[in-house]
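Residues per chain, in single letters:
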Amino acid sequence: MTERPGGRESYHHGALPEALVGAAFELLDEAGQESVTMREVARRAGVSAGAPFRHFADRRALLTAVADRVLADFEGWQRAEVAAATGAAAGPERGAADGAGDQRAVLRALGLGFVRYAVRHPHRFALVRSRVFAPAPQPELRDRLSGIDRAYAEVIVADQEAGLLRPGDPGLVGLAGQALVYGLAQMILDGYLPAEKAEEVAEQVLDTFGRGIANPR
């Protein structure tokens, strides 16, 4: 199997899988998951057409790896959203943000961050939707998704214990919030809600939801 000049030397020590995922990630952003083919990814990575199959059984496996990359990027995005909203320098986990800024802002920041990410990266959102919000989520993503869900649940429980949220099943509160931001993002991407007012509408909807679940103070 002959790789293009520079390919073998550039991707020694197991770096080729990461390069292939990076090339696929670029293609996803440019034109959506339909544009991510094994041949085009190989061409962009500068290797032979057969090289990707040494690391990914098929296109589905490659796209699942890209979805994992998207989720990792999304986690970083959410940490930045929370830090900006609370003045914290750490992630969505409540313990990392204790004592810094307005803690009521954490859930709002996570919800707004979800919508912002989906609207700014529609192809990434579509890929994750097809891999995560489906009857049978990809098992390869289970660990990543469990970590995200666990972090959100910890925020909800901490807010309930602090009296910031009404008591109730944290799982249902989380599901309600997830359904809200997922549906809101999809309505914006579908054009049902005007994209130019996406930020304003998202803030208003999230504030309305927040008032509905928050304890009066």
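Residues numbered from 1 in each chain as written. Predicted model: local features only at pLDDT ≥ 70, side-chain atom pairs only at ≥ 80, totals over all residues. Heavy atoms only, no water.

### Section: the overall build of the protein chain
Thinking step 1. Looking only at helices and strands, one finds 10 helices and 0 strands in the protein chain.
Thinking step 2. Ordered by position from N to C terminus, the α and β elements of the protein chain give α-α-α-α-α-α-α-α-α-α.
Thinking step 3. Residues counted as buried form 40% of the 217 residues belonging to the protein chain.
Thinking step 4. Sequence-distant contacts, at least 24 apart, represent 69% of the contacts inside the protein chain between residues at least 6 apart.
Thinking step 5. Total accessible area computed for the protein chain in this model is approximately 11300 Å², and 55% of it derives from carbon and sulfur atoms. (Helix = DSSP H or I, 4+ residues; strand = E, 2+ residues; numbered from the N terminus. Buried < 20%, exposed > 50% of the residue type's maximum accessible area, 1.4 Å probe, protein only. Contact = heavy atoms within 4.5 Å. Areas by Shrake-Rupley, 256 points an atom, 1.4 Å probe, with all protein chains shown as cover.)

### Concerning the layout of surface pockets
Thinking step 1. Within this model, the largest pocket holds a volume of roughly 1000 Å³.
Thinking step 2. Forming the boundary of the largest pocket are 44 residues, of which L107, L110, G111, G177 and Q178 lie nearest the centre.
Thinking step 3. Among the secondary structure elements, those contributing two or more residues to the lining of the largest pocket are α4 (59-86), α6 (105-120), α7 (122-131), α8 (142-161), α9 (170-189) and α10 (198-213).
Thinking step 4. If one sorts the elements of the lining of the largest pocket by residue count, α9 sits on top with 9 residues. (1 Å grid on protein atoms, 1.4 Å probe; cavity = no way out; pocket = protein on both sides within 12 Å on 5 of 7 lines; lining within 4 Å. Points joined across faces, edges and corners; volume = space filled by probe spheres on them.)

### Topic: the pattern of salt bridges
Thinking step 1. Within the structure shown, the criterion is met by 12 salt bridges.
Thinking step 2. As a salt-bridge pair, R124 and D29 come within 2.7 Å of each other at their nearest N and O atoms. With R124 in helix α7 and D29 in helix α2 (residues 16-31), this residue pair connects regions lying 95 residues apart in the sequence.
Thinking step 3. Assessed through its relative accessible area of 31%, D29 is described here as partly exposed. (Salt bridge = Lys/Arg side-chain N within 4 Å of Asp/Glu carboxyl O.)

### What to know about the confidence of the model for the protein chain
Thinking step 1. The pLDDT averaged across the protein chain works out to 85; a share of 83% of its residues lies at or above 70.
Thinking step 2. A low-confidence stretch, residues 1-9 (pLDDT under 50), is modelled with 18 contacts involving residues beyond four sequence positions or located in other chains.
Thinking step 3. Here residues 89-101 scores under 50 on pLDDT; set against residues more than four positions off or in separate chains, the count is 26 contacts. (pLDDT = per-residue confidence, 0-100.)

### Details of the side chain of Q138
Thinking step 1. Here Q138 shows up in the loop between α7 and α8.
Thinking step 2. The class of Q138 is buried, set by a relative accessible area of 16%.
Thinking step 3. Residue contacts for Q138: discarding those within four places in its chain leaves R60, T64 and R131.

### Some thoughts on the environment of R124
Thinking step 1. When its relative accessible area of 8% is taken as the criterion, R124 is described as buried.
Thinking step 2. With 91 residues separating them along the chain, R124 and Q33 place their C-alpha atoms 8.4 Å apart.
Thinking step 3. Setting aside chain neighbours within four positions, we find R124 in contact with F25, L28, D29, V70, D73 and Y117.

### So, the side chain of Q78
Thinking step 1. When you line up the elements, Q78 lands in helix α4.
Thinking step 2. With relative accessibility at 2%, the residue Q78 sits in the buried group.
Thinking step 3. When sequence neighbours within four positions are dropped, the list of residues in contact with Q78 reads A109, L110, G113, F114 and Y152.

### Some details on α9
Thinking step 1. The terminal C-alpha atoms of α9 lie 28 Å apart, and with 20 residues this matches the ideal 28 Å at 1.5 Å per residue to within 8%.
Thinking step 2. Those residues of α9 not exposed but buried are V173, V181, L184, A185, Q186 and I188.
Thinking step 3. Its side-chain oxygen 2.8 Å from the backbone nitrogen of G171, D169 forms the N-cap of α9.
Thinking step 4. Residue G191 follows α9 closely and has a positive phi angle near 85°. (Expected span 1.5 Å × (residues − 1). Polar contact = N/O pair within 3.5 Å; in protein donor to acceptor, adjacent residues only side chain to side chain.)

### Section: α2
Thinking step 1. With 16 residues, α2 ought to run about 22 Å at 1.5 Å a step, and its terminal C-alpha atoms sit 23 Å apart, in line with that.
Thinking step 2. Burial in α2 covers these residues: L16, A19, L20, V21, G22, A23, A24, F25, L27 and L28.
Thinking step 3. On its buried side, α2 packs onto α3 (38-45), α4 and α7.
Thinking step 4. Positive phi appears at G32, one or two residues downstream of α2, with a value of about 90°.

### Observations regarding the packing of α6 against α8
Thinking step 1. In contact at an axis separation of 10 Å, α6 and α8 are set at 150° when each is read in the N-to-C sense. Between α6 and α8, the crossing angle belongs to the class labelled roughly antiparallel. Regarding α6 and α8, the two cross each other, and that crossing is left-handed. The residues of α8 that touch α6, namely those facing V106, L107 and L110, are Y152, V155, I156 and D159. (Axes fitted to C-alpha atoms, helices over the stretch in contact; angles between N-to-C directions. Parallel < 35°, antiparallel > 145°, perpendicular 65-115°, else oblique. Left-handed = near helix turned anticlockwise from the far one by under 90°.)

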